[in-house]
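Overview (structure and organization)
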Amino acid sequence: MKTQKEDLKTVTLVNNNGSELQILNYGAAVISLKIKDKAGNKVNVVVSPRAEEFITSAYKEHNKCFGASVGRYAGRISNGEFQLDNVTYKLNETNNVHLHGGENGFQYKVWKIEEEEVAPNPSVKLTYFSKDGEEYYPGNLQVEVKYTLTENDELLIEYSAKTDKKTVINLTNHTYFNLNGGGSISDHFLKIEAEKILEVDKNLLPTGNLTKLKKHPKNFIEGKLIGNRSLDDTYVLKSDKDEVAARLFAPLTGIKMEVKTNQKALVAYAPENLPEDLNYHTEIAEEYPSLCLEAQNFPDAPNFRNFPEAVLKPGDQYYNWISYNFSVSGQ
């Protein structure tokens, strides 16, 4: 059944600092996050189309997953298939690649808004039930995401899931950030605590090899200007869950974002441009308008024994959290 405009619902969370987070039930997506800059002005640090754009044909054709909760398996799966217990599961694919859960992944579903809590530390919980065989994945999967906007201006995203049949899972959040509130991210400084990156082929599929970043042009461990650089890379995090995995800083606004997670990898995605035929909340630059920092498992992990486990079994619970903590420098 086609999603209609009246099916769209938004939830706005406001903490005691006046920061505002807006969540859309379509794709359980982050569509706005307003944080005060060094001058005390509110800046929307999220690049996203307006809510009504999410159900247009153009939105789905572009497959950019703005702010969305992506699954059942985020990233690419080679040859559109994987094996579990000697059974081959054939998925939807384009050019021999299955991407972001298929043609109708979780980012294209209307999630159920379950609970809302107001300040302090306002939060909202959304759920989605993925039936056995949906997009050809095995198992009935019950998925939950909880968004919390803390009093410390931290956006905490928690994913959990349970299944009744062995399946594979890799959930992530696909929010596009711009700490200037518009324009380009070329003036942002990025630091990623990773010493290795996944080697990929021409189709951006992992080869199974991990490449050392020491002399790699996409090494951000020391922190450097992003500049006019497009990214679509999986960084193997060296930190544990209590350490900062990445930092992003915009001198113009003085806004700094620190990322923490319990996941093994962080995908840095900075597209050269974004679709021009969508109506956005903010003004976007023609080139390098945003950056995603997606905490997740390795792409194509079900097909590589040397990659972290991606299987969820009945009786077990999947749990993935990522924290984006905002502060201001240069006041």
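Heads up: these notes are all about the structure in this document. The shown structure was predicted, so the numbers you read here are calculated from the model rather than taken from an experiment.

If you trace the backbone, Glu193 turns up in the loop between strand S18 (189-192) and strand S19 (194-200). Within the structure, the side chain of Glu193 is placed 3.5 Å from the side chain of Lys191, a separation counted as a polar contact.

With that settled, the discussion passes to a negative patch on the surface. On the surface, Glu61, Glu272, Glu276, Asp277, Glu286 and Glu287 cluster together to form a negatively charged patch. Mapping Asp277 onto the fold places it in the loop between strand S25 (265-270) and strand S26 (292-296). For Asp277, a relative accessible area of 49% gives the class partly exposed.

Right, let's get into the environment of Lys215. By the secondary structure assignment, Lys215 is in the loop between strand S20 (206-212) and strand S21 (224-225). Along the primary structure Lys215 and Val168 are separated by 47 residues, whereas in three dimensions their C-alpha atoms are 34 Å apart.

Within the secondary structure, Ser123 sits in strand S12 (residues 123-130). In this structure Ser123 touches Leu13, Glu115, Glu116, Glu117, Lys146, Tyr147 and Thr148, once residues within four positions along its chain are discounted.

Examined against the element boundaries, Glu61 turns out to sit in helix H1 (residues 57-62). In this structure Glu61 comes out as exposed when scored by relative accessible area, which is 64%. A C-alpha to C-alpha distance of 17 Å links Glu61 and Ala29, two positions 32 residues apart in sequence.

By the definition in use, this model includes 16 aromatic pairs. A centroid spacing of 6.3 Å and a plane angle of 50 degrees characterise the contact between Phe177 and Phe326, whose relative ring orientation is tilted. Here Phe177, found in strand S17 (residues 176-177), pairs with Phe326, found in strand S28 (residues 318-328); they are 149 residues apart in sequence, far enough to count as distant. Given a relative accessible area of 4%, Phe326 falls into the buried group. Here the aromatic cluster, defined as three or more aromatic residues joined through ring pairs, consists of Tyr26, Phe54, Tyr59, Phe66, Tyr108, Tyr176, Tyr269 and Tyr280. Over the ring of Tyr108 we find Lys60, and its NZ or CZ is 5.0 Å from the ring centre.

A separate point is unusual backbone geometry. Arg72 follows Gly71 through a cis peptide bond whose omega is 15 degrees. Here Ala119 and Pro120 are connected by a cis peptide whose omega angle stands at 5 degrees. Positive phi is not limited to glycine here, since Asn79 has a value of about 60 degrees.

Definitions and cut-offs
- Think of each chain on its own: its residues are numbered from 1, step by step along the sequence as written.
- Owing to the predicted nature of the model, reporting of local features is limited to residues with pLDDT of at least 70; listing and counting of side-chain atom pairs is limited to 80 or more, with chain, interface and lining totals taken over all residues.
- The basis for every side-chain value is the complete set of non-hydrogen atoms in the structure, without hydrogens or water.
- For the purposes of this entry, the term helix denotes a DSSP run of H or I that reaches at least four residues, the term strand denotes a run of E that reaches at least two, and both are numbered from the N terminus.
- Definition of a polar contact: a pair of N or O atoms within 3.5 Å, with one able to donate and the other able to accept a hydrogen when the atoms are protein atoms, and with sequence-neighbouring residues admitted only if both atoms are side-chain atoms.
- Distance thresholds for patches are 9 Å for like charges and 5 Å for nonpolar side chains (Val, Leu, Ile, Met, Phe, Trp, Tyr), applied to residues having over 30% relative accessible area and no salt bridge.
- Reported accessibility uses the Shrake-Rupley method at a 1.4 Å probe radius. Residues are deemed covered only where the shown protein chains occlude them.
- By definition here, a salt bridge exists when the distance from a side-chain nitrogen of Lys or Arg to a carboxyl oxygen of Asp or Glu is within 4 Å.
- Positive charge is attributed to Lys and Arg, negative charge to Asp and Glu, and no charge count is given to His or to the chain ends.
- Where a charge lies is defined by one atom per residue type, namely NZ (Lys), CZ (Arg), CG (Asp) and CD (Glu).
- Throughout, exposure labels follow a simple rule: accessible area from a 1.4 Å probe, protein chains only, divided by the maximum for the residue type, with under 20% read as buried, over 50% as exposed, and the rest as partly exposed.
- Working rule for contacts: check all heavy atoms of both residues, and any pair within 4.5 Å makes them a contact.
- For this analysis, a ring pair means two rings from Phe, Tyr or Trp (six-membered ring only for Trp) whose centres lie within 6.5 Å, classed as stacked if their planes differ by under 30 degrees, edge-to-face if by over 60, and tilted for the remaining angles.
- Look at NZ for Lys and CZ for Arg. If either is within 6 Å of the ring centre and within 35 degrees of the ring normal, a charge sits over the ring.

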